[in-house]
Amino acid sequence: QVHLVESGGGLVQVGGSLRLSCAASGLTFETYGWFRQAPGKEREFVAAITRSSSNTLYSDSVKGRFTISRDSAQNTVYLQVNSLKPEDTAVYYCAVKIYSGSYYQTSNYDYWGQGAQVTVSS
């Protein structure tokens, strides 16, 4: 059975940083993704990383501020979020994609974590 467990969310001031973690169990995954969902908005792509870590992708809104990485031995993926802005406030979800398809679409991800709240105060 597949489980994804996020941790590391919290309340932070504008300009602050957090490190989100996602621990996976059950399978070794090809691609991890991070998505986020703000109140009243659709879930949106944030970042993705492939198994070999040779390929990383970011949304334009977080490029240069967020960094995705993975520890394959630990089956864990991280999202370092820096220079946080109020518009980064959302529930952040970890997900895994087993099959081919766009990295950017939620429908292509097969398993999801429960989410971690990130709140940026101004």
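Nothing here was measured: the structure is a model prediction, and the numbers come from that model.

Trainee: Sorry if this is basic, but what is going on with the packing of aromatic side chains here?
Mentor: The geometry of an aromatic ring pair is captured by the separation of the ring centres together with the interplanar angle, meaning the angle of the planes. Enumeration over the complete set of coordinates arrives at 6 aromatic pairs. Geometrically, the ring pair formed by Phe 35 and Phe 45 is edge-to-face, given 5.7 Å between the ring centres and 80° between the ring planes. With Phe 35 in strand E4 (residues 31-37) and Phe 45 in strand E5 (residues 44-50), this pair connects stretches of sequence that are 10 residues apart. A residue is classified by how much of its surface remains accessible, and Phe 35, at 0% relative accessible area, is buried. Using a relative accessible area of 8% as the deciding quantity, one classes Phe 45 as buried. When the ring of Phe 35 is compared with that of Tyr 109, the centres are 4.9 Å apart and the planes differ by 80°; the resulting orientation is edge-to-face. Of this pair, Phe 35 sits in strand E4 while Tyr 109 sits in the loop between strand E9 (90-97) and strand E10 (111-112), and the two are 74 residues apart along the sequence. You'll find Phe 35 and Tyr 109 in the same group, each marked buried. Looking at Arg 43, its charged tip hangs above the ring of Trp 112, at a distance of 4.9 Å from the centre. Sitting above the plane of the Tyr 103 ring, Lys 97 keeps its charged end 4.6 Å from the centroid.

Trainee: Can you help me understand the state of the cysteines in this one?
Mentor: The tally for this structure, following the rule as stated, stands at 1 disulfide. Residue pairing for Cys 22: its cysteine sulfur links by disulfide to Cys 94, the two sulfurs lying 2.1 Å apart. Its S-S torsion of about -75° marks the bond between Cys 22 and Cys 94 as left-handed, since a negative value means left-handed. Residue Cys 22 is located in strand E3 (residues 18-25), and its partner Cys 94 is located in strand E9; the two are separated by 72 residues in the primary sequence.

Trainee: Looking at this structure, I do not really get the pairing of strand E7 (residues 66-71). What am I missing?
Mentor: Side-chain direction in a regular strand flips from residue to residue, so the side chains alternate between the two faces of the sheet. Burial of the side chains of E7 is restricted to one face: Phe 66, Ile 68 and Arg 70 are buried, whereas none of Thr 67, Ser 69 and Asp 71 on the reverse face is. Two elements, E7 and strand E8 (residues 76-81), share 6 bridges in a ladder whose sense is antiparallel. Its bridge partner lying in E8, Ile 68 is registered against Leu 79. Between the antiparallel neighbours E7 and E8 lie 4 residues, among them Asn 75 with a positive phi of about 55°.

Each value, and the rule that gives it
- Residues numbered from 1 in each chain as written.
- Predicted model: local features only at pLDDT ≥ 70, side-chain atom pairs only at ≥ 80, totals over all residues.
- Heavy atoms only, no water.
- Phe/Tyr/Trp six-rings, centres within 6.5 Å; stacked < 30°, edge-to-face > 60°.
- Helix = DSSP H or I, 4+ residues; strand = E, 2+ residues; numbered from the N terminus.
- Buried < 20%, exposed > 50% of the residue type's maximum accessible area, 1.4 Å probe, protein only.
- Lys NZ or Arg CZ within 6 Å of the ring centre and 35° of its normal.
- Disulfide = S-S within 2.5 Å.
- Pairing = 2+ DSSP bridges.

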